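One-letter residues, chain by chain:
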Amino acid sequence: MWNSEPTRQQHQPHNGNTTSGGAQPAKQLGMTSAISLAEPRPEDLLRTEELSKSLEPYKVFESQDELNHRMEILAKLNTLVKQWVKDISVSKNMPEAAAEKLGGKIYTFGSYRLGVHHKGADIDALCVAPRNIERTDYFQSFFEVLKKQPEVTECRSVEEAFVPVIKMNFDGIEIDLLFARLSLKEIPDDFDLRDDNLLKNLDPRSVRSLNGCRVTDEILALVPNIENFRLALRTIKLWAKKHGIYSNSLGYFGGVTWAMLVARTCQLYPNAAAATLVHKFFLVFSRWKWPNPVLLKHPDNVNLRFQVWDPRVNASDRYHLMPIITPAYPQQNSTFNVSESTKKVILTEFNRGMSITDEIMLGRVSWDRLFEAPSFFYRYRHFIVLLVNSQTADDHLEWCGLVESKVRLLIGNLERNPHIALAHVNPKSFELKKAVGGNNSQNNSGNEDELKQQQQQPSHAAITTSPFCSLWFIGLEFERSENLNIDLTESIQNFTEHVIMHGVNIKMLKEGMAIDARHVKRKQLSLYLDSDFLKRERKSMESHNTFNNTLMANRKRLSTELAQSQEPSPTGQATGGNHRGRESGAKVHRLSESLTEDNSNASSDMGGTTPNTPTAAQMNAPSFKATGKNGADSSSCMDTTDQAGIHNNGSNNNSGGGSSSSSSNNSAASNNNKNTTTAEVACS
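The name given to the protein chain in an unreviewed UniProt entry is Poly(A) polymerase, with the source organism recorded as Drosophila albomicans. Under Subcellular location (unreviewed entry), UniProt gives the following word-for-word description of the protein chain: "Nucleus". The Function (unreviewed entry) field of the UniProt record for the protein chain holds the comment "Polymerase that creates the 3'-poly(A) tail of mRNA's."

Have a look at this one:
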């Protein structure tokens, strides 16, 4: 019931596919037919084996004992739910024999249900109860039942949340437990939540609570090979966390979004090995024509009067920048928090990942390079630091959660400033150490300017007197202008006032809770962060720059070899030259794939060919034009082969791409008939 391992046997017959690809052609999955049905090559299987081994040091796999421990916890929780439903029903004058049959069940969703959770990860779960159990019963009596359990600690309810939840630590495992009350007399043990009819007569909060389970089950049903999907998703999730783009609340992508993107890649390459899927993931989504939506299947034609994502009907949906639509009714955009700044950061990382996986598939670097990100703190010269202060550990946990959920509002305020090109929030929070001031003075390099600066800097006590202080950093990139003088006071003040007012309205704000925002320069970061950490960040940036320079040189050389290998050989050329040409062609085969796979349905869920007549959604939607660092249209890299082939880690430097553009465009044109599919317009 809770172990995700048997999922392959449960769901693959639903697709009508074999996991190996076999002789039978794969059935169309998703909005379009597959781009490639090619079976894995020996080198693809070798790269997949290397990938699996490279993930082990990052603790993304649990032992069998740890998996069994999770199942034991869920079994105990399920027993508690059944007993609680019975007791509440008896207290409401229901005969005990009838109350015994009511049932009640725990369902799981998220990373655990998908089978991609890492060591120590929390479990997302849902408590489903019959119609005689009220939501107030759950957040009162069941909450008290949980607190009395000897295995349960840190139990707290968040009833006012958009999706109400009870959070707890159950025998060492963090659990987020949602609640849904169905319009059914009994909840049988084999009840399937994917039935749309069960949503009839439900309140919106129950529908939102059910959505996680329904979406997770749909994702598992829509991928052709569960095991390849899982290994690819583990890789992408680790990469996203290492590169600081894993946080739905801060405007990046959350776990379900990454799962849907990997699932879409699996649909486009149903027989590919996991390593190939990771490579194709970056190929597909670095060239996706945003804001065209990503969909795993055609939207269900269900009318239960719940609002679904549809830009033809809902004006606000037309302004979503990177829509990725959940496959279960009611369909929602899982990325509505994405802003212009977070979109730029995500696309930069997609392009960076494309370049690195090109090198990995060529055998030039190991998979470890994919999980190494350039330093956030040496990428920018100016920062805004948010200081969140509290007096107790419990207060601090609540206060930080509220502030984190509101940071994207500050990003929006900053983006409206015409002089700010980018506001990049680091999703990782830092704790302000009391010994920071002392450590900085001890680690002084001896430079007179640094010594003078440290002597002028205030101590920890001058930063805050609170015993608990967490920090968030926002890197700022300004538009180039002479004598630039920007006042950010209003943007910051509006944000802090809004957060404090919200804390008052929900009766969370307590004495000692405070939020402060300051503008600091890079040279002042040592006041807030450990100096040893900053030294490691500097080394990381130097290593990244060295690799980037080598990468650009290799890409330029390989592009030249690709162009030369496609030129006709002169009459009478020596056989040795032909042999060398064949070697060059084989050597750059991977690069050729990346450069020529343009005119395919990988660029949009509208199909392989773009309709001449725009859809209603396109006609009404605004122009989503993102300006790059130097004022260039950053969306142009999605459409041109030379730019998509060469990525300078977010910069607009495309040197080396020009030599390959002509040949790759010709190759793409010659393969157009192979990759063209029926044009299918999403939500039309």
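Considering the arrangement of structural elements, one finds Ala-274 in helix α10 (residues 274-286). It is 5.8 Å that separates the C-alpha atoms of Ala-274 and Thr-48, two residues lying 226 residues apart in sequence. Apart from the residues lying within four places of it in its own chain, the contact partners of Ala-274 are Thr-48, Leu-51, Asn-228, Leu-231 and Ala-232.

Applying the stated rule across the entire model yields 26 salt bridges. Of the charged contacts in the structure, one is a salt bridge between Lys-119 and Glu-66, with a shortest N-O distance of 2.9 Å. With Lys-119 in the loop between α5 (110-114) and β2 (123-129) and Glu-66 in helix α3 (residues 64-91), this residue pair connects regions lying 53 residues apart in the sequence. Lys-119 gets classed as partly exposed once you look at its relative accessible area, which sits at 32%. A salt bridge links Asp-217 to Arg-113; its shortest N-O distance comes to 3.2 Å. Taken as a pair, Asp-217 in helix α7 (residues 204-221) and Arg-113 in helix α5 lie far apart in primary sequence, 104 residues in all. For the residue pair Asp-217 and Arg-113, the accessibility class agrees, reading buried in each case. Taken together, the shared-partner salt bridges in this structure form one network comprising Arg-41, Glu-43 and Asp-44.

Taking the numbering used here, the UniProt-annotated feature "binding site: Mg(2+) 2" (unreviewed entry) corresponds to Asp-122, Asp-124 and Asp-176. A maximum C-alpha distance of 7.5 Å among these annotated residues, which run over 55 residues, shows that they cluster at one spot. Mapping Asp-122 onto the fold places it in the loop between α5 and β2. With near-sequence residues (within four places) excluded, Asp-122 lies in contact with Arg-70, Glu-174 and Asp-176. Relative to the helices and strands, Asp-176 resides in strand β5 (residues 173-181).

Grouped together as the largest cluster of nonpolar side chains are 112 residues, with contacts concentrated most on Phe-229, Trp-239, Trp-258, Phe-281, Phe-350, Phe-377 and Phe-473. Leave out the neighbours within four places in its chain, and Trp-258 touches Leu-233, Ile-236, Trp-239, Ala-240, Ile-245, Tyr-246, Phe-253, Phe-281 and Phe-350. With 30 residues, the next largest nonpolar core counts Val-81, Ala-129, Phe-143 and Leu-146 among its residues.

We now examine the state of the cysteines. Covalent bonding between the sulfur atoms of two cysteines defines a disulfide. A full pass over the atoms with the stated rule returns zero disulfides. You can see Cys-469 has no disulfide; the closest cysteine sulfur is in Cys-400, sitting 8.5 Å from it. Overall, the relative accessible area of 4% leaves Cys-469 in the buried class.

Basis of the calculations
- Here the residue numbers are simple positions, counted from 1 along each chain's written sequence.
- Where totals are concerned, whole chains, interfaces and linings use all residues; where local detail is concerned, this predicted model gives features only for residues with pLDDT of at least 70, and gives and counts side-chain atom pairs only at 80 or more.
- Processing note: side-chain calculations cover all non-hydrogen atoms of the structure and skip hydrogens and water entirely.
- UniProt positions are given in the numbering used here, feature names are shortened, and annotations may be inferred rather than shown by experiment.
- Runs of E in the DSSP output that reach at least two residues are strands. Runs of H or I that reach at least four are helices, and both are numbered from the N terminus.
- For this analysis, residues touch if any pair of their heavy atoms sits within 4.5 Å.
- A pairing counts as a salt bridge when a side-chain nitrogen of Lys or Arg comes within 4 Å of a carboxyl oxygen of Asp or Glu.
- Relative accessibility decides the category of a residue: with a 1.4 Å probe and only protein chains considered, values under 20% of the type maximum give buried, values over 50% give exposed, and everything between is partly exposed.
- In this description, a nonpolar core means a group of buried Ala, Val, Leu, Ile, Met, Phe, Trp, Tyr and Cys residues linked to one another through side-chain atoms lying within 4.5 Å.
- Any pair of cysteine sulfurs within 2.5 Å is marked as a disulfide.

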